[in-house]
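# Breakdown of the fold
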Amino acid sequence: MSSAVAANETVAEAKAGGGGRRKLILLAVPLLLAVIGAGLWFSGILPRLLGSHHEAPAAAAKAAEMVAPVYTDVPEIITNLDTGGRRQSYVKLKARLELAKAGDQVVVAAAMPRILDIFQTYLREMHPDELRGSSGTYRLREEMIARANLVAQPARIVDILFEELLVQ
């Protein structure tokens, strides 16, 4: 009987040792599948297989690329800056307005006297130091876009391109 008891103990030890390996496999397999699934998802393979990947229609993408920007010239502006009583300083500005659509050209052309007036008024209040560097040019551009959009409504001005900006 002692050999039967020894055999039972050996079987019990084998089951105990195998149980640890079994737990490891039961934890490792789902983890491995989750890592593989995440890799397939973020690489874009799994969404395509599941049909949840939406590509933009080719015609719409081509149409968006083919829309040419529309520009309108702004007449050259030469005006003095606010120097606070010191020696006079002038700015010379030549620019183009980038419009949202071609139909806006008529509206902007009709509003051009007002646009010029608001640009000159704004420039006359600026100090020469405010126009220095790229940050000064950026602020000038943003302010001019905002002011031109107010005057030229319902037309929309997307950007102002400075062809010439001289400060003397």
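Use the structure listed above.
Rules used in this analysis
Residues numbered from 1 in each chain as written. Predicted model: local features only at pLDDT ≥ 70, side-chain atom pairs only at ≥ 80, totals over all residues. Heavy atoms only, no water. Pairing = 2+ DSSP bridges. Helix = DSSP H or I, 4+ residues; strand = E, 2+ residues; numbered from the N terminus. Axes fitted to C-alpha atoms, helices over the stretch in contact; angles between N-to-C directions. Contact = heavy atoms within 4.5 Å. 1 Å grid on protein atoms, 1.4 Å probe; cavity = no way out; pocket = protein on both sides within 12 Å on 5 of 7 lines; lining within 4 Å. Points joined across faces, edges and corners; volume = space filled by probe spheres on them. Left-handed = near helix turned anticlockwise from the far one by under 90°. Patch = residues over 30% accessible without salt bridge, like charges linked within 9 Å, V, L, I, M, F, W, Y side chains within 5 Å. Areas by Shrake-Rupley, 256 points an atom, 1.4 Å probe, with all protein chains shown as cover. Salt bridge = Lys/Arg side-chain N within 4 Å of Asp/Glu carboxyl O. Bend = angle between axes of the 7 residues up to and from the residue.

### What about the sheet that holds strand S1 (residues 70–80)?
The antiparallel open sheet is built from three strands, whose spatial order is S1-S2-S3. The sheet is open, and its two borders are formed by S1 and strand S3 (157–167), each paired with just one other strand. Averaged over all adjacent pairs, the angle separating strand axes in this sheet is 20°, with direction ignored. Pairing between S1 and strand S2 (residues 90–99): nine bridges, direction antiparallel. Of the residues in S2, the one forming a bridge with Thr-79 is Val-91.

### What about the environment of Thr-83?
The topology assignment puts Thr-83 in the loop between S1 and S2. Along the chain, Thr-83 and Glu-125 lie 42 residues apart, while their C-alpha atoms are 9.1 Å from each other. Setting aside residues no more than four positions away along its own chain, Thr-83 makes contact with Gln-88, Ser-89 and Pro-128.

### Details of empty space enclosed by the protein
Counted by the stated rule, this structure contains one cavity of 30 Å³ or more. Approximately 40 Å³ is the volume found for the largest cavity. Those elements that place two or more of their residues in the lining of the largest cavity are S1 and S2. No other element matches the three residues that S2 contributes to the lining of the largest cavity.

### Points about the packing of helix H4 (residues 104–125) against helix H5 (residues 133–151)
Look at H4 against H5: their axes get within 10 Å of each other, and the N-to-C directions meet at 145°. Classified by chirality, the crossing of H5 by H4 is right-handed. Along the contact surface, H4 presents Ala-111, Arg-114, Ile-115, Ile-118, Phe-119, Tyr-122 and Leu-123, while H5 presents Leu-140, Glu-143, Met-144, Arg-147, Ala-148 and Val-151.

### Examining a nonpolar patch on the surface
Together, Leu-32, Ile-36, Leu-40, Ile-45 and Leu-49 line one region of the surface with nonpolar side chains, adding up to about 480 Å² of accessible area. Of all elements in the fold, only helix H1 (2–43) and helix H2 (45–50) reach the threshold of two or more residues within the nonpolar patch. Per element, the largest residue contribution to the nonpolar patch is three residues, and it comes from H1. If you trace the backbone, Leu-32 turns up in helix H1.

### Section: H4
Along an α-helix, residues three or four positions apart point the same way, because every turn accommodates 3.6 residues. Where H4 bends most, the angle comes to about 55°, and this point is Ala-111, followed within four residues by the proline Pro-113. Buried residues along H4 sit in contact with S1, S2, H5 and S3.

### Quick look at the pattern of salt bridges
Any two side chains of opposite charge can pair, so long as their charged atoms come close to each other. Evaluation of the coordinates by the stated rule reveals seven salt bridges. For the salt bridge of Asp-129 with Arg-132, the shortest nitrogen-to-oxygen distance reads 3.2 Å. We note a salt bridge from Asp-159 to Arg-141, for which the minimum N-O separation is 3.6 Å. Residue Asp-159 is found in strand S3, and its partner Arg-141 is found in helix H5; the two are separated by 18 residues along the sequence.

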